[in-house]
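Observations on the three-dimensional arrangement
Below, each chain spelled out in residue letters.
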Amino acid sequence: MTIKVHHKLLLTGAAGGLGQALRERLKANCDVLRLSDRVRFGEAGAHEEVVLADLSDADAVSAMVQGVDAIVHLGGVSVEGPFGPILQANILGVYNLYEAARKHGVKRVVFASSNHVTGFYRQSQTITTHEPARPDSLYGVSKAFGEDLSRFYFDRYAIETACLRIGSSFPEPRDRRMLATWLSFEDLHRLITACLTTPVLGHSIIFGMSDNAVTWWDNAQARHVGYVPQDSSDVFREAVYARTLAPDLSDAAVQFQGGGFVKAGPFE
Ligand code: NAI
Ligand code: 15L
């Protein structure tokens, strides 16, 4: 399969955990990978460019976006916390990104949304992407805003977006909840590749998960992107059970899909 369909690709949040995991992998998807973050993370290597930009700075974001063919947008606040930074990075920042995409003619974006858009559904439910949002945190609300904003830019300006409601993307599942939510780095790259290469993406919402036996999410509405996960949390199950306590079923973090996010804060 040809996965290099873009000349220049922009990866935001390049200094973060997923940015670092994707830096090498995404080189197969383009001729030139432009890496961006607001913090320094080293020099550009071969076939790379580095552009430092704070997402809340519209001029810096415009310069970051100019000249790229597609965007993988991971940058922003990635956990629950005070509203100020979330507002700047995840709300104003995503607006600045889509305005820059509109001005510079970028037609495809892969947006790192989050399972916390629907974190207040119960762990005993299986939901599709057609269920209404039920954010579990201000962070989740900010990702829901990003999903809605990207839908507006699709309906109005034909900028296609895949909103990836990523579960838990780490080297291994860290606890029992993550056995349901885990997304391996390889599957994350497969998912992003599918979204960058599918002929017609439209505006798609997709749960970012590996092929885990226990899951709360149904991706049947996203068959058109052709994502086929090849990893599974199941190989970690025994070890995770051995090192973690049986869940307290009266704990909201165990009842709801968002886990600890449902009871984080308030912070201000
Ligand atoms: P991270 O926190 O490690 O990386 C986020 C990066 O964004 C950081 O390098 C940070 O410097 C940058 N950033 C923050 N505010 C910024 C601003 N105002 N301007 C420019 N850059 C800014 O997070 P991680 O784990 O790498 O996640 C990447 C994306 O995926 C995030 O958007 C997160 O919300 C989303 N996600 C990640 C999940 C995971 O399991 N790792 C699960 C669900 C969503
Ligand atoms: C997220 O949205 C966070 O970015 C990540 O750090 C994890 O906490 C993940 O969700 C999760 O739900 O496990």
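As shown above, the structure is provided for reference.
Here goes a summary of the coordinates provided. Since we're looking at a predicted model, the values are computed, not measured. Position numbers for residues start from 1 in each chain and track the written sequence from start to end. Note on labels: chains are lettered from A, ligands numbered from 1, in written order. Two thresholds apply to this predicted model, a pLDDT of at least 70 for residue-level local features and 80 or more for giving and counting side-chain atom pairs, whereas whole-chain, interface and lining totals are computed over all residues. Calculated side-chain values reflect all of the structure's heavy atoms, with hydrogen atoms and water omitted.

Re the site of ligand 1
Close to ligand 1 lie 27 residues, the nearest being L18, D37, S78, Y139 and S169. Polar contacts, as used here, are pairs of N or O atoms within 3.5 Å; protein pairs need one atom able to donate a hydrogen and one able to accept it. Residues neighboring in sequence count only if both atoms are side-chain atoms. D37 places a polar side-chain atom, nitrogen or oxygen, 2.6 Å from an oxygen atom of ligand 1. Contact between ligand 1 and L55: a nitrogen atom at 2.9 Å from a main-chain N or O atom of the residue. Every accessible area reported is derived by Shrake-Rupley at a probe size of 1.4 Å, with residue values counting cover from the shown protein chains alone. Isolated, ligand 1 exposes 820 Å² of accessible area, and the fraction of that covered by the protein chains is 87%. Secondary structure elements are defined from DSSP: runs of H or I of at least 4 residues count as helices, runs of E of at least 2 residues count as strands, and each element is numbered from the N terminus. Per-element tally for the shell around ligand 1: the top contributor is strand 5 (residues 108-114), with three residues. Throughout this entry, Asp, Glu, Lys and Arg are counted as charged residues, while Ala, Val, Leu, Ile, Met, Phe, Trp, Tyr, Cys and Pro are counted as nonpolar. The remaining residues, Gly among them, count as polar. Looking at the shell around ligand 1 residue by residue, the class counts come to twelve nonpolar, eleven polar and four charged. Near residues are defined by distance, with any heavy atom within 4 Å of the molecule or strand qualifying the residue.

Brief notes about the sheet that holds strand 6 (residues 160-166)
The seven strands are arranged 3-2-1-4-5-6-7 in an open sheet whose pairing can be described as parallel. Whereas interior strands pair on both sides, the edge strands pair on one side only; in this sheet they are strand 3 (48-52) and strand 7 (203-208). The average angle at which neighbouring strand axes cross in this sheet is 20 degrees, direction not considered. When DSSP finds two or more bridges between two strands, those strands count as paired. Bridging between strand 1 (residues 6-12) and strand 2 (residues 30-37) involves six bridges; their strand directions are parallel. Across the sheet, L11 pairs through a bridge with L35, a residue of strand 2. Orientation is described by lines fitted to C-alpha atoms, with helices fitted over the stretch in contact, and by angles between N-to-C directions that extend from 0 to 180 degrees.

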